[in-house]
Amino acid sequence: MSDPTGLAVLFPDLDPATKAVRAERDPAHAQGLAPHVTVLYPFLPEAEVTDAIHARLAALFAAHPGFDVTFPRIARFPDTLYLAPEPAAPFQHLTKAMARAFPDHPPYGGVYGDPVPHLTLASGPDLPEPTLPLPLTARAEAVTHLAFRADRWYQIARYELAPSGDPA
């Protein structure tokens, strides 16, 4: 069986500000993944993602407007440093919409209940808090469907969010 896919809002424009920290302590950086906030992982294996699934995902995300996001502070899970997005609600809405549409694929396999939106900076024990030029700002305009192949993440599709103020 192939690895599951995932869906995330990518923020490649934040790479210059976060690269030094992520390159040192975030395995996803070494695997080719841009700074991101996960919408849903794990999802279907790539071989099971049909044209009908792509169409469902495109329609689902087109019903949610794009939004501006600020990352004003660094926060911590026990073994993870992350940037906390504000507002967090649009990410939560996207994740909940996916959970409703695909109930057999709960976020993080259902391990965390109601997951906290976050942009991972570093993983591991005893993480010192880095100095970053906060706040960082970005625009969420799409959700990217990602597949993990040969130790790297690859984009398999990009689903546009509705223009601001114009949900489908």
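Scroll up for the structure.
Throughout this document, residue positions are counted from 1 along each chain, in the order its sequence is written. Per-residue local features of the predicted model are confined to residues with pLDDT of at least 70, and side-chain atom pairs are confined, for both listing and counting, to 80 or more; whole-chain, interface and lining totals are unaffected and use all residues. Only hydrogens and water are set aside; all other atoms, that is, all heavy atoms of the structure, feed into the side-chain values.

Draft legend 1. Expanded view of the layout of surface pockets. In this model, the largest pocket occupies a volume close to 660 Å³. Forming the boundary of the largest pocket are 24 residues, of which H36, T38, Y108, H118 and T120 lie nearest the centre. Within the residue set of the lining of the largest pocket, elements represented by two or more residues are strand 1 (6-10), helix 2 (27-30), strand 2 (36-40) and strand 5 (119-123). In the cavity and pocket records, a cavity denotes points on a 1 Å grid over the protein atoms alone where a 1.4 Å probe fits but cannot get out, a pocket denotes an open set with protein on both sides within 12 Å along at least 5 of 7 lines, and lining residues are residues with an atom within 4 Å of a point. Grid points are joined across faces, edges and corners, and a volume is the space filled by probe spheres set on the points. In this description a helix means any DSSP run of H or I spanning at least four residues, a strand means any run of E spanning at least two, and both kinds are numbered starting from the N terminus.

Draft legend 2. Summary view of the nonpolar core. Membership of the largest hydrophobic core comes to 38 residues, with the highest contact counts inside it found for L7, F11, F43, L57, F61, F71 and M98. With residues up to four places along the chain from it excluded, the contact list for F43 reads P4, T5, L7, I53, L57, M98, F102, H105 and H145. Put simply, buried Ala, Val, Leu, Ile, Met, Phe, Trp, Tyr and Cys residues joined by side-chain atoms within 4.5 Å make one nonpolar core. We call a residue buried when its accessible area falls under 20% of the maximum for its residue type, exposed when it is over 50%, and partly exposed in between, using a 1.4 Å probe and counting protein chains only. If you look at the next biggest cluster of nonpolar residues, it comprises six residues, including A8, A28, L146 and W153. In what follows, residue pairs with any heavy atoms lying within 4.5 Å of each other are defined as contacts.

Draft legend 3. Region of interest: the packing of aromatic side chains. Whether two aromatic rings pair depends on their centres lying within 6.5 Å, for rings of Phe, Tyr and Trp, where Trp uses its six-membered ring; planes under 30 degrees apart make the pair stacked, over 60 edge-to-face, and the rest tilted. Applying the stated rule across the entire model yields nine aromatic pairs. Criterion for a charge above a ring: Arg CZ or Lys NZ at most 6 Å from the ring centre, at most 35 degrees from the ring normal. Positioned over the ring face of F102 is R56, at 4.1 Å from the centre of the ring.

Draft legend 4. Spatial organisation of the pattern of salt bridges. Salt bridge, as applied in this entry: a Lys or Arg side-chain nitrogen positioned within 4 Å of an Asp or Glu carboxyl oxygen. Within this structure, the stated rule accounts for six salt bridges. One salt-bridge network, held together by shared partners, links D15, R22 and D26.

Draft legend 5. Broad picture of helix 3 (residues 51-62). Multiplying 1.5 Å by the helix residue count minus one yields the expected span of that helix. Between its first and last C-alpha, helix 3 extends 16 Å over twelve residues, near the 16 Å set by a 1.5 Å rise per residue. Those residues of helix 3 lying buried are I53, L57, L60 and F61. Projection of helix 3 onto a plane perpendicular to its axis shows the buried side chains occupying an angular sector of 90°, all on one side. Those residues of helix 3 that are buried lie in contact with strand 1, strand 2, helix 4 (89-101), strand 7 (142-149) and strand 8 (152-160). Taken from the helix axis, the directions to the C-beta atoms give the arc we talk about.

Draft legend 6. Molecular detail of empty space enclosed by the protein. In total, this model carries one cavity of 30 Å³ or more according to the counting rule given. Each pocket or cavity is described by its volume, and for the largest cavity that value is around 80 Å³. Forming the boundary of the largest cavity are 13 residues, of which T38, T95, Y108, P115 and P117 lie nearest the centre. Mapped onto the lining of the largest cavity, the elements with two or more residues apiece are strand 2 and helix 4. When residues in the lining of the largest cavity are grouped by element, the largest group, four residues, is from strand 2. In the scheme used here, Gly and all other residues not listed as nonpolar or charged are polar, with Ala, Val, Leu, Ile, Met, Phe, Trp, Tyr, Cys and Pro taken as nonpolar and Asp, Glu, Lys and Arg as charged. Per-class residue counts for the lining of the largest cavity are nine nonpolar, four polar and no charged.

Draft legend 7. How the structure looks around the sheet that holds strand 3 (residues 67-77). DSSP calls a pair of strands paired once it identifies at least 2 bridges connecting them. The antiparallel open sheet is built from four strands, whose spatial order is 5-4-3-6. Here the strands that pair on one side only, and so sit at the sheet edges, are strand 5 and strand 6 (136-140). The average undirected angle you get between the axes of adjacent strands in this sheet is 30°. Note that strand 3 and strand 4 (residues 80-86) share six bridges and pair antiparallel. Looking at strand 4, one finds that T70 is bridged to E86. Axis definition: a line fit to C-alpha positions, over the contact stretch in the case of helices; interaxial angles, taken between N-to-C directions, run 0 to 180 degrees. Relative to strand 5, helix 1 (residues 15-25) is tilted by about 45°, and along the sheet it contacts strand 4, strand 5 and strand 6.

Draft legend 8. Representation of the environment of E24 within the structure. Structurally, E24 can be placed in helix 1. Sequence spacing of E24 and A122 is 98 residues, and the spatial spacing of their C-alpha atoms is 7.7 Å.

Draft legend 9. Broad picture of the pairing of strand 5. In terms of residue burial, strand 5 counts as a mostly covered element, since four of its five residues are buried. Pairing of strand 4 with strand 5, which is carried by four bridges, proceeds in the antiparallel orientation. Bridge assignment links T80 to a residue of strand 5, and that residue is S123.

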